[in-house]
Amino acid sequence: MDNRRHPLTLPGAVRILVTTSQKGGVGKTTVSINLACALAERGARVVLLDADPQGSVGLSLSRKARERPGMRDLLRDGGDLGRAILATRIPNLAVMPAGRPDLDFDEQVQRGIDKGSLDGFFSGVRALDYDIAIIDTAAGIHPMTRCLIGAADSLLIPQQAEPLGMRSLPTMLQALVRLRNEGAAFEIAGILLTMVQHGVRGSESAAADLRRIAPASLVLRTTIPRDEDFLTASERGLPVSRIQKRPGPASLAFNQLAAELEPRLGLHNPDTDDDAAGFMD
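Since the structure is predicted, the reported quantities are computational estimates derived from the model, not experimental observations.

Engineer: What exactly am I supposed to notice about the overall build of the chain here?
Structural biologist: A count of helices and strands for the chain gives 12 helices and 8 strands. A total of 281 residues make up the chain; the buried ones form 54% of that total. Partitioning the intrachain contacts of the chain with sequence separation of at least 6 by distance along the chain shows that 78% fall at a separation of at least 24. Accessible surface for the chain amounts to roughly 13200 Å². Of this, 50% is attributable to carbon and sulfur atoms.

Structure (structure tokens):
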């Protein structure tokens, strides 16, 4: 896929990154939360949006998020986006939760929503005072997810390093090709290997298979390990970088991921670019 800039992205507008996967259980929400935190810690102004009807981002970070207005409410009722954005204790990072549960609306979302409502919502997102909006989606390419992908500048595709997980990737890429043929103008920021277990034959074999079958330019060098720190972070409602004073392998992996993605996302970080290049090469 070529790298075409989304036609709605103007200089100074918020760049939209959608995290998506064909298969559930690949660590998509974990990736969205911790990448958002890592980019914010590196100086980017980030807003994390929860487009998963299960409200996984809010559940991971705050039990109160399910009771607050969020993306569901804005898509259904319209209004000021600012009322649904929650500040966090991490400078530069804010969160828009999924919104209050509404079974009727969730069914409507799965069928697709009014295009005018979605266009208005994303016009509002692009006008926010942030550098990047990261959107966590439900697993699979449902009507709502297709709409979100159509509005995205870039996609991040987490892929679990296990043999079964590899089987879903061709289906995912075929769906994305169809969306591009229908006029979507996103670029793929990268395919990210998650839950990698070094020293485990099946995991290492799956990772090697992905690097063999997928275009080299699409597979990120950074990998995310399977690590108990992610469970601890989820239980405590924190990004993994905030659960201990000295960063562990999981936290370092997301800092490395942020450094690798910054140029792909058009995020210039003059304070860390030289250090990131040395760390990555």
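Engineer: Would you take a moment to explain the sheet that holds strand 4 (residues 93–96) for this structure?
Structural biologist: As summarised here, the arrangement of the 8 strands in space is 3-4-2-5-1-6-7-8, forming an open sheet in which the pairing is mixed. Looking at the sheet topology across the chains shown, the edges are occupied by strand 3 (86–87) and strand 8 (219–225). As judged from the 3 bridges shared by strand 1 (residues 15–19) and strand 6 (residues 154–160), these two strands associate in the parallel manner. When the sheet's bridge partners are listed, T19 is paired in strand 6 with L156. Across the sheet, helix 9 (residues 201–213) touches strand 6, strand 7 (187–196) and strand 8, and the angle it forms with strand 7 is around 165°.

Engineer: Whenever I open this one, the pairing of strand 8 confuses me. Can you help?
Structural biologist: Along a regular strand, successive side chains alternate from one face of the sheet to the other. For strand 8, the buried fraction is high: 5 of the 7 residues fall into the buried class. Both strand 7 and strand 8 contribute to a ladder of 3 bridges, which runs parallel. Considered in strand 8, the bridge of L193 is made with T223. This β-α-β element, strand 7 to helix 9 to strand 8, shows right-handed connectivity.

Engineer: Help me understand the confidence of the model for the chain in this model?
Structural biologist: Detail in the predicted coordinates should be disregarded across regions flagged by low pLDDT. Per-residue confidence for the chain gives a mean pLDDT of 81, with 80% of residues at or over 70. In the model, residues 1–11 has pLDDT below 50 throughout and makes 26 contacts with residues more than four positions away in sequence or in other chains. Contacts of residues 273–281 to residues separated by more than four positions or lying in other chains number 10 contacts, the stretch itself having pLDDT below 50.

Engineer: Explain the pattern of salt bridges to me, please; I cannot follow it from the model alone.
Structural biologist: Should their charged atoms come close, side chains of opposite charge can pair. Scanning the entire structure with this criterion turns up 9 salt bridges. Of the charged contacts in the structure, one is a salt bridge between R45 and D129, with a shortest N-O distance of 2.6 Å. In this pair, R45 is assigned in the loop between helix 1 (28–41) and strand 2 (46–50) and D129 in the loop between helix 5 (115–126) and strand 5 (132–136), connecting sequence segments 84 residues apart. On the basis of relative accessibility, which here comes to 30%, the residue R45 falls in the partly exposed class. What makes D129 exposed here is its relative accessible area of 59%. Between E260 and R221 there is a salt bridge, and its shortest N-O distance comes to 3.8 Å.

Engineer: What exactly am I supposed to notice about unusual backbone geometry here?
Structural biologist: It is generally the case that most residues other than glycine have a negative phi and that most peptide bonds are trans. Of note, N92 is a non-glycine position whose phi angle comes to about 75°, a positive value. Non-glycine residue M195 carries a positive phi angle of around 55°. When you line up the elements, M195 lands in strand 7.

Engineer: Is there a simple way to explain the side chain of D50 in this structure?
Structural biologist: Assignment of secondary structure puts D50 in strand 2. One buried charged residue, D50, remains without a salt bridge, the closest side chain of opposite sign being R72 at 7.2 Å. At 3.1 Å, the side chain of D50 and the backbone nitrogen of D52 are in polar contact.

Engineer: Can you walk me through helix 8 (residues 169–181) in this structure?
Structural biologist: For an α-helix, the turn length of 3.6 residues means that residues three or four places apart are oriented alike. With 13 residues, helix 8 extends 18 Å between its outermost C-alpha atoms, agreeing within 8% with the 18 Å of an ideal straight helix rising 1.5 Å per residue. Remark: G183 follows helix 8 within two positions and exhibits a positive phi of approximately 115°.

Engineer: I keep staring at the pairing of strand 4 and nothing clicks. Help me out?
Structural biologist: Every second residue of strand 4 is oriented toward a common face, with L93 and V95 on one face and A94 and M96 on the other, all of them buried. With 4 bridges connecting them, strand 2 and strand 4 associate as parallel partners. Across the sheet, the residue bridging to L49 is M96, located in strand 4. The turn joining strand 3 and strand 4, which pair antiparallel and follow one another in sequence, is formed by 5 residues; a positive phi near 75° is taken by N92.

Engineer: Just checking my understanding: could you explain the nonpolar core for this structure?
Structural biologist: As a rule of thumb, nonpolar side chains are buried together in soluble globular proteins. L49, M71, M96, F121, F122 and L176 are the most contacted members of the largest nonpolar core, which has 48 residues in total. With near-sequence residues (within four places) excluded, M96 lies in contact with L48, L49, D50, G70, M71, L74, L81, A84, I85 and F121. Formed by 35 residues, the second largest nonpolar core is a distinct cluster that contains A38, A40, I134 and L265.

Analysis parameters
- Residues numbered from 1 in each chain as written.
- Predicted model: local features only at pLDDT ≥ 70, side-chain atom pairs only at ≥ 80, totals over all residues.
- Heavy atoms only, no water.
- Helix = DSSP H or I, 4+ residues; strand = E, 2+ residues; numbered from the N terminus.
- Buried < 20%, exposed > 50% of the residue type's maximum accessible area, 1.4 Å probe, protein only.
- Contact = heavy atoms within 4.5 Å.
- Areas by Shrake-Rupley, 256 points an atom, 1.4 Å probe, with all protein chains shown as cover.
- Pairing = 2+ DSSP bridges.
- Axes fitted to C-alpha atoms, helices over the stretch in contact; angles between N-to-C directions.
- Right-handed = clockwise from strand over helix to strand, strands pointing away.
- pLDDT = per-residue confidence, 0-100.
- Salt bridge = Lys/Arg side-chain N within 4 Å of Asp/Glu carboxyl O.
- Lys, Arg positive; Asp, Glu negative; His and termini not counted.
- Polar contact = N/O pair within 3.5 Å; in protein donor to acceptor, adjacent residues only side chain to side chain.
- Expected span 1.5 Å × (residues − 1).
- Core = buried A, V, L, I, M, F, W, Y, C linked by side-chain atoms within 4.5 Å.

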